Amino acid sequence: MAISVQNLIKERKYPFIFSLLALILITSLLLTKTQSLIAFTLDLVQSRSQSTSTSPPPLVQISPTSNPGPGQPPPVHDPLSWSLCNGAVAADYIPCLENFKAIKALKSRRHMERKERHCPERSPRCLVPVPRGYRVPVPWPKSRDMIWFDNVPHPKLVEYKKDQNWVRKSGEYLVFPGGGTQFKDGVTHYIEFIEKTLPVIELGKHTRVILDVGCGVASFGGNLLDKDVITMSFAPKDEHEAQIQLALERGIPATLSVIGTQKLPFPDNVYDLIHCARCRVPWESDGGKPLVELNRILRPGGFFVWSATPVYLNDERHQTIWNSMVALTESICWKVVAKGVDSSGIGLVIYKKPVSSSCYETRKDNIPPMCDQNSGQNISWYTPLDSCLAPLPVDGMGNSYSWPAPWPKRLTSKPPHLSAERDAEEIFYEDTEHWSALVLDVYLEGLAINWSSVRNVMDMNAGYGGFAASLRDMPLWVMNVIPVNGPDTLSVIFDRGLIGIYHDWCESFNTYPRTYDLLHSSFLFKNLTERCDIIEVAAEMDRILRPEGFVLVQDTVEMINNLTPIFRSLHWSVDLYQEQFLVGKKGFWRPDDRSKI
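What you see is a predicted model; the values in this text were computed from it and never measured.

Pairing in this open sheet of seven strands is mixed, and the strands run β6-β5-β4-β7-β8-β10-β9 from one edge to the other. Both outer strands of the open sheet, β6 (254-256) and β9 (335-341), are each paired with one neighbouring strand and no more. Geometrically, the sheet is characterised by an average inter-axis angle of 20° between neighbouring strands, direction not taken into account. Pairing of strand β5 (residues 230-235) with β6, which is carried by three bridges, proceeds in the parallel orientation. Pairing of alanine 235 across the sheet is with leucine 256, part of β6. Along the sheet face, helix α7 (residues 243-250) touches β5 and β6 and points at about 155° away from the line of β6. Running over the sheet, helix α10 (residues 316-331) touches β8 (298-307), β9 and β10 (347-352) and is turned about 15° from β10.

Set out below in structure tokens:
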């Protein structure tokens, strides 16, 4: 006879039934956990047997029982959480230039020390907020002339430079008419004035790589792009409100830097021409160290174009500066090769650096003295300025190094600074062919990257610059970064007619947030994991990447597995190709203030 539920309740047997059901449920859960633990243990043992004893553990544990679909990276098991950077300048936060505690503690501020790098002891793990009203930047080439005001909402520069026609506000836009302190008739007229003053400069052929000191909003460098000239525009982070940020928002190459007490992060003898239009650098100060630094990075036979009031104004104050400049340039063997004043009353002088050290040896006074070559560092990173002249380079036969081939031939020709070691030339050409094929067959065709939206590109571990060289015909530019703890190939990059900079990725980069559309990295992270936390490197990548921008990483499977959960914790969309190419796309997501890491 069947027992009804009503009878069980009446006979008070339900406690036994409930206990039995609970026991069955607990037993089932225990069996499931045991199976998962066994699977986890087997996978863990297998993974450890395949790794070496020196391999670092993964930063974030990826679920060992996951089974991702084809072409998809492993999912995140325990995603990281993030917090917003705070403070009045959080949206424009530059960690190594806004360490106010270190700046306040400086013993001297006489030589622009406050504008040099002062990185915090540990790189930040916060994420910069996005300005209210921020939107995807105006595409190139339209962006050269106008950008969204809400993306760089700084009205003071408009007011400060309203009489010089640098920048105007027009509705939702900031508009760049091409004016400047020295560009009274426009930057195009000014560039033509330089070419007429000294035609042998041959912009776009003989002269390809230029440094613009104190660049303002970089209209000079922006207009030179039409002549196949690439310009590294640089200026300090100063009171004129984000000039470099405006330049990068426009899609013009630029970086934050200052000639203070330390060498610029560029190699010796690499710039074809250096330009200064009222850049406010006291070249004669501190025994002429600022000009000696320009001499260091200027290519033998290269030009210095100085457009400043001491060149063409004759009052006592300006003539005193001019006379000091005459003495200083003669002491470093620079020759005046042209001088002129244009129809607007603006004047300039053009100097040429010698091609050999013979002039140094015939000076009456050995001031500045010649440098001791044994005391020099190859990489100019946190290195004090020299007060001496380095002998100019010669080849193995004692001959002066030759000028690179005319552009664009120099892009693929043997670079003058290429190592003289055996097989170096063969390795260089193989590297060039490798990147040409990889970019054409994989990067441009096989990855989910909208290249039409990409203008500002950074190669975080550039090698010989092969990645940038392969993109020559694309409407974009590449900042080639050479890590300071790796091989120094930056001189070769400049020889090829490209631009680049030294950097340590365990620290923040000298740029404003949201200034690059694509960050490229090829086998960079292994060396970083031995020195710093790649979670902090990822936070820095997020800082400098624009919303809707891309990250393209080529690396080992192990490193990609470590990076994937970190990128996904930033709410980037992530895709994996051929088990070695990781593509992340940043969105507009920002954490709320309660998130912490």
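On we go from here.
For the rest of this paragraph, the subject is the pairing of β8. Most of β8 sits inside the fold, with ten of its ten residues counted as buried. Of the strand pairs in this sheet, strand β7 (residues 271-277) and β8 are connected by six bridges, and their pairing is parallel. If you follow isoleucine 274 over to β8, its bridge partner there is phenylalanine 304. Once you follow β7 into helix α8 (residues 289-297) and on to β8, the crossover reads as right-handed. For β8 and β10, the ladder comprises four bridges, and the chain directions are antiparallel. Bridge pairing links tryptophan 306 to valine 349 in β10.

Counting buried positions over the eight residues of α7 gives eight, a clear majority of the element. All of the buried residues along α7 are Gln243, Ile244, Gln245, Leu246, Ala247, Leu248, Glu249 and Arg250. Of the residues one or two after α7, glycine 251 is the one with positive phi, at around 90°.

Cut-offs used in this document
Residues numbered from 1 in each chain as written. Predicted model: local features only at pLDDT ≥ 70, side-chain atom pairs only at ≥ 80, totals over all residues. Heavy atoms only, no water. Pairing = 2+ DSSP bridges. Helix = DSSP H or I, 4+ residues; strand = E, 2+ residues; numbered from the N terminus. Axes fitted to C-alpha atoms, helices over the stretch in contact; angles between N-to-C directions. Contact = heavy atoms within 4.5 Å. Buried < 20%, exposed > 50% of the residue type's maximum accessible area, 1.4 Å probe, protein only. Right-handed = clockwise from strand over helix to strand, strands pointing away.

Interpretation note: all reported values are geometric properties and have no functional meaning in isolation.
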